[in-house]
Amino acid sequence: MRQIHVIDSHTGGEPTRVVVAGGPDLGAGPLRERLERFRAEHDRFRSAVVNEPRGSDAMVGALLCEPNEPGCAAGVIFFNNVGYLGMCGHGTIGLVATLAYMGRMEAGVRRIDTPVGVVTVEYHGAGVTTIGNVASYRLAKGAAVNVPGIGIVTGDIAWGGNWFFMVEGSPVALTLANLEGLTSYTWRIRQALTANGITGAGGAEIDHIELFGPPSSKEVADSRNFVLCPGKAYDRSPCGTGTSAKLACLYADGKLKEGEAWRQESIVGSVFEGRVAVRDGQVMPYVRGEAFVNADAKLMLDELDPFCWGIR
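A.B. asks: How should the pattern of salt bridges be read in this particular structure?
C.D. replies: Here the structure, examined in full by the defined rule, presents 12 salt bridges. Among the ionic pairs, Asp43 bridges to Arg46, the shortest N-O distance being 2.8 Å. One end of the pair is Asp43 and the other is Arg46, both in helix α2 (residues 43-50) and three residues apart, which spans about a single turn. In this structure, Glu265 engages Arg224 in a salt bridge whose closest nitrogen and oxygen atoms are separated by 3.1 Å. Remark: Arg224 occurs in strand β13 (residues 223-228) and Glu265 occurs in strand β14 (residues 262-265); sequence separation between them is 41 residues. Here Glu265 and Arg224 have matching classes, each one buried. Shared partners join several salt bridges into a network, and the residues in it are Arg138, Lys141, Asp156 and Asp253.

Pasting the structure below:
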C-alpha cells in the first residue's frame, strides 16, 4: 500500500493540497520539463491526489519539488482535477503557509521555481504572504465571442500565469445563491471561445473565465469576481493569477497607478490586495493574501481499490 504525505490548507476558502513526500520521481531539470514528464508518465497520480474519493473538483494539488533555478527556496508544480496549471496564486500562498508550518519558511522574501518562471514570495507571518508574480499583460481588449443562446459577449484576453477571458458585468448577480447560473454562463463562454478558435498567445487555450462586478461594500474591496476554473469548479478565493491579469488590464487602461492598491473580493467574500510595479516595460503584479493549514495527513493508495487512482 503506497502512502503519500500531504498537507492541506485553504487560501481565502480555496483548498491547496501540497504533496511533501511519496510523489513521483520526475528527475531534474527545468520545472516546465518536469511538468511534461508528470503529465505524460504519472497522470494517474494527479487524479489520485485531487479527485474523489480523496479530493474534490475544487482541490488544487501542489507537488513540492527541488528547484532548478538558483537561489530558490522550493520548486512546485500545480495540478487540478482535469490537468496542470502553469502557476497558481492561491496555491503559492498555501504553499508558503505549508512551508512555514513545516519549519522551512521564515518571515522574509524568498524565490519559488514554477513551470512558468520564478516568482517571489514575501512571508509576513501568521499565514500572510505577498506573491511577486510573473509578468502579466493583456493580449486583446474587448474581444468578442458569439455565445449560443446568449449572444455577443466581450472581454479582455489576459495573462497572469494562466490565460483568462475577463468580462466586466454579468447578467447573473455575483452571489453564492447564483452559483448554478454563474457556472452555466461562464462555461458556455469558455465553450464558445474554443469553438471559435479564440485563444491566448501561441494558440494557448483560454481555460479560465472571470466575471467582475461591484463589491459587497466599497469599504471591503474595489471589485468582486467569479472565476470558473479549468475543471468547471469555481474559485473560492479571489484567484491570484486572475487578480494579476486584472491588475495588468487596469494598468493598461490607466485606471491603476504603479504602487496603488487594488482589493479584489471573491464570490465567498475573501479578499486579495494587489498592486503593480513596472520593470523594463513589463507589468509585475504583487498579490497579498492569507492561508491556513487545516490538515497534515497520509493518503493511502491500495491497488485493490477500484478507485485507487481517483474518479475521472
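Following the structure, the description resumes.
A.B. asks: Whenever I open this one, unusual backbone geometry confuses me. Can you help?
C.D. replies: Excluding glycine, most residues fall at negative phi; most peptide bonds, likewise, are trans. Cis peptide bonds are those with omega within 30 degrees of zero, and the linkage from Glu52 to Pro53 qualifies with 10°. In this structure, Pro53 sits in the loop between α2 and β3 (60-65). A positive phi angle, close to 55°, is found at Ala126, a residue other than glycine. Tracing the chain through its elements places Ala126 in the loop between β7 (117-125) and β8 (128-132). At Asp280, a position not held by glycine, the phi torsion is positive, near 50°. Along the chain, Asp280 turns up in the loop between β15 (271-279) and β16 (282-301).

A.B. asks: Hey, could you run me through the environment of Arg188 in this one?
C.D. replies: Here Arg188 is to be found in helix α4 (residues 179-195). You can call Arg188 partly exposed: its relative accessible area is 32%. Non-local contacts of Arg188, meaning those with residues more than four positions away in its chain, are made with Val147, Pro148, Gly149 and Ile150. In this structure the side chain of Arg188 is engaged in a polar contact, spanning 2.9 Å, whose partner is the backbone oxygen of Pro148.

A.B. asks: Before we go on, may I ask you to explain helix α5 (residues 240-252) in this structure?
C.D. replies: A turn of α-helix holds 3.6 residues, and therefore any two residues three or four places apart point the same way. Its 13 residues give α5 an end-to-end C-alpha distance of 18 Å, which sits within 8% of 18 Å, the value for a rise of 1.5 Å per residue. Buried residues dominate α5, accounting for 11 of its 13 residues. When we look at burial in α5, the residues that qualify are Gly240, Thr241, Gly242, Thr243, Ser244, Ala245, Lys246, Leu247, Ala248, Cys249 and Leu250. Just downstream of α5, Gly254 is the residue with a positive phi angle, here 75°.

A.B. asks: Sorry, what's going on with the side chain of Asn162 here?
C.D. replies: Counting through the fold element by element, Asn162 comes out in the loop between β10 (151-159) and β11 (163-168). Looking at Asn162, its side chain comes within polar contact range of the main-chain oxygen of Met87, at 2.8 Å. Not counting the four nearest positions on each side in its chain, Asn162 is found in contact with Leu85, Gly86, Met87, His208 and Thr241.

A.B. asks: What's the story with the packing of helix α1 (residues 31-41) against α2 in this structure? I'm lost.
C.D. replies: Helix-helix packing is characterised by the crossing angle of the two axes and by the distance between the axes. The interhelical angle for the contact between α1 and α2, taken along N-to-C directions, is 85°, at an axis separation of 5 Å. Viewed along their axes, α1 and α2 adopt a mutual orientation that is roughly perpendicular. Along the contact surface, α1 presents Phe38, Arg39 and Glu41, while α2 presents Asp43, Phe45 and Arg46. Partitioned by chemical class, the residues of the contact of α1 with α2 number two nonpolar, no polar and four charged.

A.B. asks: Where do I start with the environment of Arg236 in this structure?
C.D. replies: One can find Arg236 in the loop between β13 and α5. By relative accessible area, which is 22% here, Arg236 ends up partly exposed. C-alpha separation for the pair Arg236 and Gly151, spaced 85 residues apart in sequence, amounts to 28 Å. In this view, Arg236 contacts Gly12, Gly13, Glu14, Ala58, Ser266, Val268 and Ser270; residues no more than four positions away in its chain are not counted. Within the structure, the side chain of Arg236 is placed 2.8 Å from the backbone oxygen of Tyr234, a separation counted as a polar contact.

A.B. asks: Would you mind showing me how to read the environment of Leu301 here?
C.D. replies: Relative to the assigned elements, Leu301 resides in strand β16. The class of Leu301 is buried, set by a relative accessible area of 4%. Along the backbone, Leu301 and Ile4 are 297 residues apart, and their C-alpha atoms lie at a distance of 7.9 Å.

A.B. asks: Please clarify how the state of the cysteines should be interpreted in this entry.
C.D. replies: Cysteine pairs can be covalently joined through their sulfur atoms, and such a bond is termed a disulfide. Applying the stated criterion to the full structure yields zero disulfides. Cys229 provides the cysteine sulfur closest to Cys239, a residue in no disulfide bond, and the two sulfurs are 6.1 Å apart.

A.B. asks: For this particular structure, what's the right way to read the pairing of strand β4 (residues 74-79)?
C.D. replies: On any regular strand, side chains alternate: one points to one face of the sheet, the next to the other face. Counting buried positions along β4 yields six of six residues, so the element is predominantly enclosed. Of the two faces of β4, both are covered, the one formed by Ala74, Val76 and Phe78 as well as the one formed by Gly75, Ile77 and Phe79. The sheet contact formed by β3 and β4 spans five bridges and is antiparallel. In the strand pairing of β4, Ala62 is matched with Phe78. Of the pairings in the sheet, the one linking β4 to strand β6 (residues 108-114) comprises two bridges and is parallel in character. Bridging across to β6, Gly75 finds its partner in Asp113. Across two bridges, β4 lies against strand β5 (residues 84-85) in antiparallel orientation. Opposite Phe79, over in β5, you have Tyr84 as the bridge partner. The hairpin formed by β4 and β5 contains four residues between the paired strands.

Each value, and the rule that gives it
- Going along each chain's sequence as written, the residues are numbered from 1 onward.
- With pLDDT at 70 or above as the cut-off, local features in this predicted model cover only qualifying residues; side-chain atom pairs require 80 or more to be listed or tallied, and sums for whole chains, interfaces and linings still use all residues.
- Excluding hydrogens and water, the side-chain figures rest on all heavy atoms present in the structure.
- The rule for a salt bridge is simple: a side-chain nitrogen of Lys or Arg has to be within 4 Å of a carboxyl oxygen of Asp or Glu.
- Secondary structure counts use DSSP, requiring at least four H or I residues in a row for a helix and at least two E residues in a row for a strand, with both numbered from the N terminus.
- Exposed residues in this analysis have more than 50% of their type's maximum accessible area, buried residues have under 20%, and partly exposed residues fall in between, with area computed by a 1.4 Å probe over protein chains only.
- Should any heavy atoms of two residues lie within 4.5 Å, those residues are considered in contact.
- N or O atoms within 3.5 Å of each other form a polar contact, as long as, within protein, one can give a hydrogen and the other can take it, and as long as residues adjacent in sequence are counted only when both atoms are side-chain atoms.
- Expected span of a helix: the number of residues minus one, times 1.5 Å.
- Only C-alpha atoms enter the line fits that serve as axes; for helices the fit covers just the stretch in contact. Angles between N-to-C directions range over 0 to 180 degrees.
- Here is the rule for angles: anything less than 35 degrees is roughly parallel, anything more than 145 is roughly antiparallel, 65 through 115 is roughly perpendicular, and the remaining ranges are oblique.
- Ten residues, namely Ala, Val, Leu, Ile, Met, Phe, Trp, Tyr, Cys and Pro, are considered nonpolar, four, namely Asp, Glu, Lys and Arg, are considered charged, and the remaining ones, Gly among them, are considered polar.
- Criterion for a disulfide: a pair of cysteine sulfur atoms within 2.5 Å.
- Pairing between two strands requires that DSSP report at least two bridges joining them.

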